[in-house]
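# Report on the structure
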Amino acid sequence: MNILFFTKSKPYTCEILNRFYEQGHTVIVVCKDMESFRETTMQAMCGEMGIHVYDNQSIYRAIDKKTLPQCDLAISNTYGRLIKKPIIDFVDGRIFNVHCAPLPAYRGMFAYNWAIFNEEKSWAVTAHYVNEQFDEGEIIKATNFAIDPQMITVTELERESQKVGLELTLEVVSLFEKEKKPAGKKQEGAARYYSREDFEWLKRVTSRDSASVIHRKIRACWCPPYEGAYYECDGARFPLQYK
């Protein structure tokens, strides 16, 4: 298949790209911007494999000028940008996103952190059709697995979700090889979108928080080397360490 792959360079997405290559798919990579893509592992892989790379602006120009080779399927994974109608139409709606969280309960960002704060006992990775809204398309397939919110860390949940996400990506590609447009199911249940502003609230510990909430905030935000939970006083932030 000819695959348009919207992504960023991470060990997980590099492994997906490698598997596509091994399976004989022809891939075009689309990154958020060339500056963040430069000197990454994926850029090196694309050079070695002869893969053409577009960014979030040049891909639309290529579609508009009709210079982009025809693609059978488009996939979004950790792309972080809204994919617009010209791309959806270009692949005739054959485009899906792999979201490393259950939907519609965990739309948006920082889902691993919220899973731990909310003390979830099960988790899921979801493959869904892409529409013109973040994480709202029909679900093609979801893989569920149990977690221990009292023990698992953000890093561990990310690692496990990406392991599941790799296999789910390949499964859904196989579905598209067998039929033009696999059936999707409308998202059901309570929907919640988590934003960057929500995450900033999660990191901030206040005197109004109970001991239980403080403990959950510290655990949920503990992901070195990134900033975790903190207490702020007189404009200074005091990091709170998880032990």
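Preceding block: the structure.
Residues numbered from 1 in each chain as written. Predicted model: local features only at pLDDT ≥ 70, side-chain atom pairs only at ≥ 80, totals over all residues. Heavy atoms only, no water.

## As for the environment of Glu 232
Mapped onto the elements, Glu 232 comes out in strand E11 (residues 230-233). Overall, the relative accessible area of 37% leaves Glu 232 in the partly exposed class. With residues up to four places along the chain from it excluded, the contact list for Glu 232 reads Arg 204, Val 205 and Arg 237. (Helix = DSSP H or I, 4+ residues; strand = E, 2+ residues; numbered from the N terminus. Buried < 20%, exposed > 50% of the residue type's maximum accessible area, 1.4 Å probe, protein only. Contact = heavy atoms within 4.5 Å.)

## Structural notes on the packing of helix H1 (residues 11-22) against helix H3 (residues 41-49)
Each pair of packed helices can be summarised by the angle the axes make with each other and by the distance between the axes. Interhelical geometry of H1 versus H3 gives an angle of 15° and a closest axis separation of 10 Å. Here H3 runs roughly parallel to H1, going by the angle between their axes. Crossing handedness for the pair H1 and H3: right-handed. Judged by residue contacts, Thr 13, Cys 14, Leu 17, Asn 18 and Tyr 21 of H1 engage Thr 41, Met 42, Met 45, Cys 46 and Met 49 from H3. Its residues placed into classes, the contact of H1 with H3 shows 7 nonpolar, 3 polar and no charged. (Axes fitted to C-alpha atoms, helices over the stretch in contact; angles between N-to-C directions. Parallel < 35°, antiparallel > 145°, perpendicular 65-115°, else oblique. Left-handed = near helix turned anticlockwise from the far one by under 90°. Nonpolar A, V, L, I, M, F, W, Y, C, P; charged D, E, K, R; others polar.)

## Section: the sheet that holds strand E10 (residues 204-205)
One open sheet accounts for 3 strands, arranged E10-E11-E12; its pairing is mixed. Two strands lie at the open edges of the sheet, namely E10 and strand E12 (236-239), each paired on one side alone. Note: E10 against E11, 2 bridges, orientation parallel. From the neighbouring strand, Val 205 faces E11, where its bridge partner is Tyr 231. (Pairing = 2+ DSSP bridges.)

## Some details on the sheet that holds strand E7 (residues 122-129)
One open sheet holds the 7 strands; their spatial order is E3-E2-E1-E4-E5-E7-E8, and the pairing between them is mixed. What marks the edges here is a single partner per strand, and that holds for strand E3 (53-55) and strand E8 (139-146). Each strand of the sheet is rotated relative to its neighbour by a mean of 20°, with strand direction disregarded. Summarising the sheet, E7 and E8 pair through 7 bridges and their orientation is antiparallel. Residue pairing for E8: Val 125 is matched across the bridge by Thr 143. Sitting on the sheet, helix H7 (residues 154-178) is in contact with strand E4 (73-77), strand E5 (95-99), E7 and E8, with an inclination near 150° to E8.

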